[in-house]
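Architecture at a glance
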Amino acid sequence: MKINQRLTLCFSLLFCLLSISYASAQQLNISGVVISSEDNEPLIGATVSVKGNPTKGVITDINGQFQLSVETGTKMLVVSYVGMKTQEIRVPRKEKELKIVLIPETMDIDEVVVTGYGNFSKSSFTGSANTLRTDMLKEVPVMSVEQKLQGMTTGVQITSSSGQPGANQSIRIRGMGSFNASQEPLFVIDGVPVTSGSMSSGGPDAAYMNNSKTNIMSTLNPSDIENVTVIKDAAAASLYGSRAANGVILITTKKGNTGKVRVDLNVSGGFSHAAVDFRPTLNGDQREELLYEGLLNYATDNGMESPAEYASSNIGTYAYKPAMGYTDWRKELLRTAMHQSYEASVSGGNDRSTFYASLGYNNQEGLAKNSSLDRYSARLNVTQKVGKYGEVGANMMFSQMNQEMNEERGSSINPFLCVAMTMTPSMVVRDEEGNYVGAYDATSLNPLRDILTDYNRVRMTRMFSTGYAAIEPIKGLKLKETLSYDYTIQKDSRYYNPLSSAGPKSGSDAQTAKGFIEYGKLISSTSLNYVRTFARKHHLDVLAAYEIESYQTDHASGEKSKLPSDKLTEPDNAAVLNSFKSATQAYRMISYLSRLNYDYDDRYYIAGSYRRDGSSRLSPNNRWGNFWSVSGMWHVSNEAFMQPVKHILSDLKIRASYGVNGNQPGSLYGYMGLYSLGQSYMGGLGSYESSISNPNLGWEKNYNLNVGLDVWNTITAIRRICCTAFLSVPPPDLRTT
């Protein structure tokens, strides 16, 4: 009996042990810490729960740590925190410490204003700016960012004097900012001011080499752009001082995001026609009928005996029908333009580093034959956190464009002028044997021959790199050093056949020309930024920075004639040197800038900025210019008395700003008295006075007042006063009589 009792007791104990072991096997203890990706600080009060069972969860403690027991078989945990993106974490198979990094909840891009010297929520920005999201830009199949901006934001007018793919665009933000200096806005890419517009605006030697003025900004692949911000008033633009008189366009390129690696491939193609049927023209039969009626009326009005006989006998003089039939010049000179695009990108990252890399090939034909643009582009953007307080990053871009252009000036072979105005269906292109002939009797003019045999080619290569290092020794205080180098070289080549009717050509010999324009810009920026919130209601943002900009350009071009063959078009094969010009120029600018933003309880905002620029383009007495702005805003919707109607007026604001920005002279040596050499005088070296010294040349300044009311849409009143301006005055006539 005692033995049975003992056996029963042993079995009972064994059963209890097995039950405890089985119950333990059904539970998995998980512990870890939840931190922020911004500063690696622990997140207090973050929720860690089982996916699908939110009641099964815990809250992180003061150190961001947690412990949670889950049943075996649980696959996913959900980690959430106010202001952070919710993450789903896979449950490990065995007990281990988890380190969970939450990233801030990204605001909608239309709610963020990027100013180049800091990002602000739209509700706290006191100036006037518009930010365009990437999804608003990606559906526009064009080659340049300026074309993507057309019709996207108010107060911005974009025009072009050329229809060539990749041609220069003219942008006006709230009208003209200068009489004689540049009227184009400043472009800033990833916080670095860059050269925009045309490289060929350096004088007649450059102009005849590139009549459509290739757009430098076409080197930037629009698919690499995250967002574009257009700054319109002095409140934010004055931070850029002497370059911001015409507004600022800030471009932010894409960055990698924390999470899985993302691979995107985009292949597209299409075709283009003229947007409108510009200047419809008559075909041969319609033109003959109209001219016949005109001759008939002329004869009738003059009392001729047989008006019909007069019209029939003279119609061949004005509307004869060639042996090969009438010519359709629209069909001969224009075409359906095709475009194709191949782009691939890969991006990703973790809590310590991110990356974005892309490759692209784009090809676009022009509506006129022998006009096209090819672009090869590559980009790499990386960021890396260093230790607990540091961060480094780099943005690198390489791009090469090949542009083929035809004559667009007011010459007789401009294809659009030929179609709309100068060529008639009675003018022929080829004879019966297929040879090109003169469209007019006793002339060699043939637009199609010249368009297909002449060439005007551009190859532009650009390398733009920016690197930065930042350290945050104490919370809210960030020291940042940025170094950027932008290098571009443009090579032009041009050929006119012996019979060419192109505008610049003279004489009966073939002409060939080559040239290059090269520039490099080095920018160094050191900034100290302090952002802090006091007592939960006082928000302070202070910035101080020092910048240096160094720019150098070099160009040369030459033209020769008397070539041995239309197959040997290199200038080295020509016998006669017609012209050769070259120049090297440089300038530097030093800047000091500061900014202060303060708001109380997200209701009352004030901001001020000050910048002092010193430019080598001005004489030592007038070298420095001061540019500043003040602004304020009342966020009425955040007042307590507005709460009953906030569902109707959710973002009511009254804002105002006043400030100064300006321009520096376009000429790099405008204040100096210069002599030009390289002239021949009586068989020897000669020179002449090419410019008279002007030690009083100073800065051009604009004073801007901006008052706005934001309800559902923005209502803005603008007042621009040009206080000082550049005016060209011809030198006095020193000749004696």
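Computed from a prediction, not measured in an experiment: that's the story for all the values here.

Rules of the game
Residues numbered from 1 in each chain as written. Predicted model: local features only at pLDDT ≥ 70, side-chain atom pairs only at ≥ 80, totals over all residues. Heavy atoms only, no water. Helix = DSSP H or I, 4+ residues; strand = E, 2+ residues; numbered from the N terminus. Buried < 20%, exposed > 50% of the residue type's maximum accessible area, 1.4 Å probe, protein only. Lys, Arg positive; Asp, Glu negative; His and termini not counted. Salt bridge = Lys/Arg side-chain N within 4 Å of Asp/Glu carboxyl O. Polar contact = N/O pair within 3.5 Å; in protein donor to acceptor, adjacent residues only side chain to side chain. Pairing = 2+ DSSP bridges. Expected span 1.5 Å × (residues − 1). Bend = angle between axes of the 7 residues up to and from the residue. Contact = heavy atoms within 4.5 Å. Core = buried A, V, L, I, M, F, W, Y, C linked by side-chain atoms within 4.5 Å. Axes fitted to C-alpha atoms, helices over the stretch in contact; angles between N-to-C directions. Patch = residues over 30% accessible without salt bridge, like charges linked within 9 Å, V, L, I, M, F, W, Y side chains within 5 Å. Areas by Shrake-Rupley, 256 points an atom, 1.4 Å probe, with all protein chains shown as cover. Phe/Tyr/Trp six-rings, centres within 6.5 Å; stacked < 30°, edge-to-face > 60°. Lys NZ or Arg CZ within 6 Å of the ring centre and 35° of its normal. pLDDT = per-residue confidence, 0-100. Parallel < 35°, antiparallel > 145°, perpendicular 65-115°, else oblique. Left-handed = near helix turned anticlockwise from the far one by under 90°.

1. A few points about the side chain of Arg 375
Along the chain, Arg 375 turns up in strand β20 (residues 372-386). One buried charged residue, Arg 375, forms no salt bridge at all, with the nearest opposite charge on Glu 343 at 5.1 Å. Within the structure, Arg 375 has its side chain in polar contact with the backbone oxygen of Ser 218 (distance 2.7 Å).

2. As for the pairing of strand β13 (residues 186-189)
What you see with β13 is no split at all: Leu 186 and Val 188 on one side and Phe 187 and Ile 189 on the other are buried throughout. Two strands pair when backbone bridges link them, and β13 and strand β16 (residues 248-253) are joined in this way by four bridges, in the parallel orientation. Note that in β16 the partner of Ile 189 across the bridge is Ile 251. As defined by bridge partners, β13 adjoins strand β14 (residues 192-194) across three bridges and the pair is classed as antiparallel. Residue pairing in the sheet places Phe 187 in a bridge with Val 194 of β14. The turn joining β13 and β14, which pair antiparallel and follow one another in sequence, is formed by two residues; a positive phi near 50° is taken by Asp 190.

3. Topic: helix α7 (residues 307-319)
Helix length check: α7, at 13 residues, gives a terminal C-alpha distance of 17 Å against a target of 18 Å (1.5 Å per residue), a fit within 8%. Of all the bends in α7, the largest measures some 35° and sits at Ser 313. Of the residues making up α7, those classed as buried are Pro 307, Ala 311, Ile 315 and Ala 319. Looking at the packing, one finds that the buried side of α7 touches α6 (284-301).

4. Let's talk about the nonpolar core
Counting residues in each nonpolar core, the largest one holds 21 residues, and the members touching the most others are Phe 187, Met 217, Ile 249 and Ile 251. Where this core is concerned, the elements lending two or more residues are α3 (145-149), β11 (156-159), β12 (170-173), β13, β14, β15 (225-231) and β16. At three residues, the largest contribution of residues to this core is made by β15. If you look at the next biggest cluster of nonpolar residues, it comprises 18 residues, including Ile 30, Val 48, Met 84 and Ile 89.

5. Quick word on the sheet that holds strand β6 (residues 87-90)
Ordered by their spatial adjacency, four strands build an open sheet running β3-β2-β5-β6, and the pairing between neighbours is antiparallel. In this open sheet, the two strands that pair with only one neighbour each are β3 (53-59) and β6. Geometrically, the sheet is characterised by an average inter-axis angle of 30° between neighbouring strands, direction not taken into account. With four bridges connecting them, strand β2 (residues 47-50) and strand β5 (residues 76-80) associate as antiparallel partners. In the strand pairing of β5, Thr 47 is matched with Ser 80.

6. Re the environment of Tyr 342
When you line up the elements, Tyr 342 lands in strand β18 (residues 337-349). Other than its neighbours up to four places away in sequence, Tyr 342 contacts Asn 266, Val 267, Leu 359, Gly 360 and Tyr 361. Of note is the side chain of Tyr 342, whose polar atom sits 2.8 Å from the side chain of Gln 340.

7. Focus on a nonpolar patch on the surface
Side chains of Tyr 610, Trp 628, Val 630, Tyr 658, Leu 705 and Val 707 sit close together on the surface and give an oily, nonpolar patch of about 470 Å² of accessible area. Within the residue set of the nonpolar patch, elements represented by two or more residues are β28 (624-635) and β32 (700-710). Position of Tyr 658 relative to the elements: it lies in strand β29 (residues 653-663).

8. Concerning the packing of aromatic side chains
Counted according to the given criterion, the structure contains 12 aromatic pairs. Each ring, one from Tyr 342 and one from Tyr 361, has its centre 6.3 Å from the other, and the planes form 20°; the classification is stacked. One end of the pair, Tyr 342, is in strand β18; the other, Tyr 361, is in strand β19 (residues 353-365), and 19 residues separate them in sequence. Consider the rings of Tyr 519 and Tyr 551, whose centres lie 5.8 Å apart with planes at 20°: the pair is stacked. Of this pair, Tyr 519 sits in strand β24 (residues 511-534) while Tyr 551 is found in strand β25 (residues 538-561), placing the two residues 32 residues apart along the sequence. We note that Tyr 519, like Tyr 551, is buried. Cluster of aromatic residues (ring-pair linked, three or more members): Tyr 342, Tyr 361 and Tyr 376. One cation-aromatic arrangement involves Arg 462 over Phe 464; the distance from NZ or CZ to the ring centre is 5.6 Å. The ring of Phe 627 carries the charged tip of Lys 701 above its face, separated from the ring centre by 5.8 Å.

9. So, the pattern of salt bridges
Under the criterion given, the structure shown has 17 salt bridges. The partner of Asp 224 in a salt bridge is Arg 379, with the nearest N and O atoms 3.9 Å apart. With Asp 224 in the loop between α4 (204-207) and β15 and Arg 379 in strand β20, this residue pair connects regions lying 155 residues apart in the sequence. Taking the shortest distance from any N to any O, the salt bridge between Arg 603 and Asp 601 comes out at 3.2 Å. Among the residues examined, Asp 601 registers a relative accessible area of 25% and is labelled partly exposed. Here the residues in one salt-bridge network are Glu 547, Arg 611 and Asp 613, joined through shared partners.

10. Thoughts on the confidence of the model for the protein chain
In this model, the protein chain carries a mean pLDDT of 81, and residues with pLDDT of at least 70 account for 82%. Within the protein chain, no element has a lower average pLDDT than α4, which sits at 39, and none a higher one than β20, at 95. Here residues 106-110 scores under 50 on pLDDT; set against residues more than four positions off or in separate chains, the count is eight contacts. Taken together, the stretch residues 201-208 has pLDDT below 50 and engages in 15 contacts with residues farther than four places along the chain or on a different chain.

11. Here's the deal with the packing of α6 against α7
Where α6 contacts α7, the axes come no closer than 8 Å and their chain directions differ by 135°. When the interaxial angle is binned, α6 and α7 end up oblique. Here the hand of the crossing between α6 and α7 comes out right-handed. Counting all contacts with α6, which are made through Arg 287, Glu 288, Leu 291, Tyr 292, Leu 295, Leu 296, Tyr 298, Ala 299 and Thr 300, the residues of α7 involved are Pro 307, Ala 308, Tyr 310, Ala 311, Ser 312, Asn 314, Ile 315, Tyr 318 and Ala 319.

12. As for the sheet that holds strand β1 (residues 27-36)
Strand pairs in the sheet, formed through backbone hydrogen bonds, run parallel or antiparallel to each other. Spatial ordering of the open sheet is given by β4-β1-β7, a layout of three strands whose pairing is mixed. Only two strands of the sheet have a single neighbouring strand rather than two, namely β4 (65-71) and β7 (97-102). Ignoring which end each strand starts from, the neighbouring axes of this sheet average 35° apart. Examined bridge by bridge, β1 and β7 share six bridges and lie parallel to one another. Counterpart to Gly 32 in the pairing with β7 is Leu 98.

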